[in-house]
Amino acid sequence: MSAQKPRTLFDKIWDAHVVETLPDGTALLYIDLHLTHEVTTPQAFDGLRAAGRKVRRPDATLAVVDHNIATDDSRRTGIVDPESRLQVETLEKNVVEFGVPYIPLLDDRQGIVHVIGPELGRSLPGMTIVCGDSHTSTHGAMGALAFGIGTSEVEHVLATQTLLQKPAKNMRVSVDGNLAFGCSGKDIVLAIIGKIGTAGGTGYVIEFAGDAIRALDMAGRMTVCNMTIEGGARAGMVAPDQTTFDYIAKTPDGPKGDAFKRALEWWKTLPTDASAHFDKELSLAAHEIAPQVTWGTNPEAVLPITGIVPTPGDEADEAKRAQLQRMVDYMGLTPGQRLTELKVDVVFIGSCTNSRIEDIRAAAAIAKGRRVADHVRALVVPGSGLVKKQAEAEGLDRILREAGFEWREAGCSMCLGMNPDKLTPGQRSASTSNRNFEGRQGPGGRTHLLSPAMAATAALAGHLADVRDYQPKGPL
Amino acid sequence: MQAFTKLTGIAAPLPKANVDTDQIIPARFLKSISRLGFGKNLFANFRYEEDGSENLDFVLNQEPYRRAEVLIAFENFGCGSSREHAPWALLDFGIRCVIAPDFADIFHNNCFKNGVLPVRLPREICEKLMEDTKMGGNARISVDLERQVVVRPNGEEIPFQIDPLRRHLMLNGLDDIDQTMQHAPAIDGFEARQRAAQPWLYA
C-alpha cells in the first residue's frame, strides 16, 4: 500500500465518518453524538412526527434544558413565562415519545449543553458532534469535529444520524510562548478574532496549536474553541493529548477499563501529521497578548484593556467609518476615551464560554477578600449543577457571596436575553459570554466581553479595569 | 419545502455588514414551537420603538419595502447564532431571497432548507442593486434560479454561482431526509463497521 498523504486532525475525523460520497463531492457524514436543547428542537420533532419517522440512535442523542430557564430558586416551583414553559414541556414530551435520554431541570447533571457534554464524558476525541447551537464548536477542545446546525439539520440527524456536508478547508492558528499573568484562553481567542475578523474563518475548520494552547487546561481550550464561530469558522479543534486523556479518565460516562485503552489507541493517532497541508496559517506570540476587552458590537471590535475607544473619523473607508460610528453611538462611548473609564452596571460570569470550575476559581481568586462596587450587580452562574457542587465543595461560593456576587443555578442565563436574566436598555455589562451584538443581552444592553478574571476585576472596581492591577490576596 | 424557481419582486436595501441572526430575530422571540409567525418580529430591535410603535426610519417600515421579497445586504450576512428562526422570520415576512457578498456558513445552510435563496454577488454589484431599489415600487428585481441570473430593472443580467446539488433540491422543493433515506443500507453498513471498531460509541 502506498504511503498515505499526510492529514490534519480534521481530515482524519472527516475521513473516518464519510458514509458515502455523492457524485458532486458532498459527503454523507456520520454523526456520533447529537446534543439537543429546548429552543432548536420542537420543529424538528414535529417534522419527524408528521413523516412518521423515528430517532435513529437515541443512545447517541442527549437532551437537556438550558436556554429558557431561570437561574434562581424560582426554577424549583416551575417556569413562570408561559412560552418558555411550553418550550421546556414540549421537549419533555418529545424525549418521552422518541425515547431520547434527557437530563431534567432539577438533576445535578443539568447545565449548559456545551458544559455537560465534555464534563460527563460524552464528548470524546475523534467524534463528530452536532447540536442546534452555534457554540457546539466548544466540543472541538476534546479533539472532536463539532459544529452547530439549524433545526432542519437537527431533524435530519435525528432521522438518519447523518448530515450532508461539503468538506471544510483547513486553517491552523498557532499560539506560541508563555501567556502573561492575568491572561487566559479568553484573551487568546479574543486576540485571534481581533486579528482574523468576524468572517476570517468562514469556510474553514480551525485547528488551534502551539505550546500556549497545549499549556491550557481543558476549560481554557473549550473557551478558545467555543468562540471559533465568532471568527466565522464553524468548528475549532485542539489535538487530543495527555491533558485530554487525563480529563476524560475522570468523567462519569467516559469509556472505562479496556474500552478506555482501546479508545486511547485510536485517539493517539488523531493529531495532525507533521507535513499535513493547511490552506491558511496564522501565528500569534502568547506573550504579546494583554488582557482583552471588546468595546463595540461584534467580537472583532476588541482591544487590550489599556486601549482607548477608536475615533470613527480616522477610518478612511466610508462603510467602515459608518459601522464604527454606529458602534460608538450604540455603546454610548466617546472616541479617545480610555476603556478603563467605562463604568459598568452589571457583571456576568457564566455562559458556555466561561462557566466551568476553572473559570469560577479564576473569578474567586480575584474576588477573595474584596468587595463588589456598590452600584454593580454581579452574577456568577455555574455552567452545570456539577460545577456548582464542585465550587461549593471548594468554598468558592462563600468567597464570591462574601464579596457581594450573586451565586446562581446553572443555565445560559444572561448570555442571550431569552430567560429572566437580562440587561435593561442602556445598561453596560462586563460579560464572560461570547457575543456583544446589539441587544444580545437584552434590548438596548451594552456588552463588553472579557475573561472571568477581568470580569471579577470590573465588578470590584465598578468600571472596566486591568486584572494585572488586582493581584490575588493569597491562595483560594 | 417550497420550491424556488424564479422570483420577481421588490428588493429592500440593508447596507450593513455583519448582520447577525440576533438582529434578524432576537432570542426573546425564539420561544415558539412552530416554524410560523416569526415575520412580525423580523429585525424587531430596528423595526419597533420601545413602546412597540414602528420605527419609520427602518427600511422594512417604508413603502414599497414593506412588501419586499428580496433583501440586499453587505458582507457576512447571518453570522452568529445557528437559529433557523432567522430564515423562518425572513420567509414569514415574505423575503425569499437575500443577496450579499458573502454569508455566514450556518445561516447559508439553513436558507437552503427553507426555500430562501442566498445569492452571493460582489460588493460592487450589491451596491448597484441597492441603487436600483431606490427607484421605487416599479424597480423590480428578478432572481432566476433556473438560469442562475439576477435581472436588474434595466434588464441587465448578472450571473451567480450556486452549488449544483443545492440548486437541484431547491428548484424541486426536495426534502433532504427523503434523499438520505435512500442511503439507509450504507448507513447500516457504516454503523456495523464502527460498532466493531469503536464499541464505546454504542450504548
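Bear in mind the structure is a predicted one, so any value in this text is a computation, not a measurement.

Q: Go over the domain arrangement of chain B with me, naming the residues and quoting the values.
A: If you check the domain split of chain B, you get domain 1 (6-172) and domain 2 (175-203). Averaged C-alpha coordinates put domain 1 of chain B and domain 2 of chain B at centres separated by 36 Å.

Q: Provide a residue-level description of the sheet that holds strand β11 (residues 235-237) of chain A, including the pertinent values.
A: Residues and elements named next belong to chain A. Taken in spatial order, the four strands line up as β11-β10-β9-β12 in an open sheet, and their pairing is parallel. Strands with a single pairing partner mark the edges of an open sheet, and in this sheet they are β11 and β12 (280-285). If you compare each strand with its neighbour and ignore which way they point, the axes differ by 20° on average. Bridge analysis of strand β9 (residues 169-176) against strand β10 (residues 204-209) gives six bridges, and the strand direction is parallel. Bridged to V173 within β10 is F208. Running at roughly 130° to β12, helix α6 (residues 185-196) makes contact with β9 and β12 of the sheet.

Q: Tell me about the environment of S433(A), residues and numbers included.
A: Residues and elements named next belong to chain A. For S433, the position within the fold is in the loop between β18 (428-431) and β19 (446-449). Taking C-alpha positions, S433 is 9.9 Å from S413, a pair spaced 20 residues apart along the chain. The contacts of S433, once residues within four sequence positions are left out, are F348, S351, T353, C415 and L449.

Q: For the pairing of strand β4 (residues 117-120) of chain B, give the residues involved together with the corresponding values.
A: All names here are of chain B. Where strand β3 (residues 97-100) and β4 come together, four bridges link them in parallel fashion. Looking at β4, one finds that C97 is bridged to L117. Following the chain from β3 across helix α4 (residues 105-112) to the adjacent parallel β4, one finds a crossover that is right-handed.

Q: Quick rundown of the interface of chain A and chain B? Include the residues and the values.
A: If you look at the interface, chain A gives 57 residues, while chain B gives 47 residues. Of all the elements in the fold, those that place two or more residues in the side of chain A that touches chain B are β1 (18-21), β2 (27-30), α2 (42-51), α3 (82-98), α5 (151-160), β8 (162-165) and α10 (257-267) of chain A. The element contributing the most residues to the side of chain A that touches chain B is α5(A), with seven residues. By residue class, the composition of the side of chain A that touches chain B is 20 nonpolar, 25 polar and 12 charged.

Q: Kindly report on the pairing of strand β6 (residues 128-131) of chain A, identifying the contributing residues and their values.
A: All names here are of chain A. Side chains T128 and V130 project from β6 onto one buried face, and the interleaved I129 and C131 project onto a second face that is buried too. Where β6 meets strand β7 (residues 145-148), four bridges bridge the pair, whose relative direction is parallel. Bridged to V130 within β7 is F147.

Q: Give me the lowdown on the confidence of the model for chain B, citing residues and values where you can.
A: The predicted coordinates should not be examined in detail at positions where pLDDT is low. Looking at chain B as a whole, its pLDDT mean stands at 96, while 100% of the residues score no less than 70. The ipTM value of the predicted complex is 0.95, and its pTM value is 0.97.

Q: Explain the sheet that holds strand β16 (residues 377-380) of chain A to me, using residue names and the numbers behind them.
A: Strand pairs in the sheet, formed through backbone hydrogen bonds, run parallel or antiparallel to each other. Residue and element names in this part refer to chain A. Within the open sheet, the five strands sit side by side as β17-β16-β15-β18-β19. Their pairing is parallel. Of all strands in the sheet, those bounded by a partner on one side alone are β17 (406-407) and β19. Note that strand β15 (residues 346-349) and β18 share three bridges and pair parallel. Looking across to β18, one finds that V346 is bridged to S429. On top of the sheet, helix α15 (residues 452-461) reaches β15, β16 and β18; it is set at about 155° to β15, its chief contact.

Q: Describe the environment of H168(B), naming the residues involved and giving the relevant values.
A: Locating H168(B) in the fold gives a position in helix α6 (residues 164-172). Spatially, the C-alpha atom of H168(B) lies 9.6 Å from that of L145(B), the residues being 23 residues apart in sequence.

Q: Give me the lowdown on the nonpolar core, citing residues and values where you can.
A: Counting 205 residues, the largest nonpolar core has V347(A) and A363(A) as the members making the most contacts within it. Non-local contacts of A363(A), meaning those with residues more than four positions away in its chain, are made with I349(A), V380(A), L400(A), P452(A), A453(A), A455(A) and A456(A).

Q: Just give me the short version of the packing of helix α12 (residues 357-367) of chain A against helix α14 (residues 396-403) of chain A, but keep the residues and values in it.
A: To describe two helices that pack against each other, one gives the angle between their axes and the distance between the axes. Residues and elements named next belong to chain A. Orientation of α12 relative to α14, taken along the N-to-C sense of each, is 45°, at an axis distance of 9 Å. Of the possible angle classes, the one that applies to α12 and α14 is oblique. The way α12 lies across α14 gives a crossing that is left-handed. Side by side, α12 and α14 meet where I360, R361, A363, A364 and A367 of the first sit next to L396, I399, L400 and A403 of the second. Tallied by class, the residues present in the contact of α12 with α14 amount to eight nonpolar, no polar and one charged.

Q: An account of α6(B) is needed here, citing residue identities and associated values.
A: All names here are of chain B. Three or more residues of α6 are buried, namely R166, L169 and M170. Along α6, the residues classed as buried sweep out an arc of 95° about the axis, all on the same side. Along α6, the residues that are exposed and aim more than 90 degrees away from the buried face are P164 and N172. Residues of α6 that are buried make contact with α4, β4 and α7 (176-181).

Q: Describe the packing of α12(A) against α15(A), naming the residues involved and giving the relevant values.
A: All names here are of chain A. Relative to each other, α12 and α15 sit at 35°, their axes nearing to 8 Å. By crossing handedness, the relation of α12 to α15 is classed as right-handed. On α15, the residues that touch D359, A362, A363, I366 and A367 of α12 are P452, A453, A455, A456, T457 and L460. Residue composition of the contact of α12 with α15, by class: nine nonpolar, one polar and one charged.

Q: How would you summarise helix α3 (residues 85-93) of chain B if you had to cite specific residues and measurements?
A: Residues and elements named next belong to chain B. Counted residue by residue, α3 has eight buried out of nine residues, so it is predominantly covered. Within α3, burial applies to H85, A86, P87, W88, A89, L90, L91 and F93. Taken together, the buried residues of α3 touch α1 (21-24), β3 and α4. Phi turns positive one or two residues past the end of α3, at G94, with a value near 120°.

Criteria and cut-off values
Each chain has its residues counted from 1, running along the sequence as written. Whichever chain is written first is A, and whichever ligand is written first is 1; the rest continue in order. Only residues with pLDDT of at least 70 get local features here, since the model is predicted, and only at 80 or more are side-chain atom pairs given and counted; chain-wide, interface and lining totals rely on the full set of residues. Segmentation of the chain into domains, including their bounds, is taken from an automatic or database domain assignment. Note on pairing: DSSP must find at least two bridges between two strands before they are called paired. In this text, helices come from DSSP runs of H or I with a minimum length of four residues, and strands from runs of E with a minimum of two, each type numbered from the N-terminal end. Structural elements are reduced to axes, namely lines fitted to C-alpha atoms, with helices fitted over the stretch in contact, and the angle between N-to-C directions of any two is expressed from 0 to 180 degrees. Here, residues touch in the contact sense if the C-beta positions derived from the backbone fall within 7 Å of one another. With the strands aimed away from the viewer, a crossover counts as right-handed if its path from the first strand over the helix to the second runs clockwise. Residues are grouped as follows: nonpolar covers Ala, Val, Leu, Ile, Met, Phe, Trp, Tyr, Cys and Pro; charged covers Asp, Glu, Lys and Arg; every other residue, Gly included, is treated as polar. Think of it as a crowd count around each C-beta: if 20 or more other C-beta atoms lie within 10 Å the residue is buried, if 12 or fewer it is exposed, and in between it is partly exposed, with C-beta placed from the backbone throughout. The quantity called pLDDT is the predictor's confidence in a given residue, expressed from 0 to 100. Here, a nonpolar core means buried Ala, Val, Leu, Ile, Met, Phe, Trp, Tyr and Cys residues linked by C-beta atoms lying within 7 Å of one another. Angles below 35 degrees are treated as roughly parallel, those above 145 as roughly antiparallel, those between 65 and 115 as roughly perpendicular, and all remaining angles as oblique. Note on convention: near helix rotated counterclockwise from far helix by under a right angle means a left-handed crossing. Clockwise means right-handed. Note that the arc is computed from the directions linking the helix axis to the C-beta atoms.

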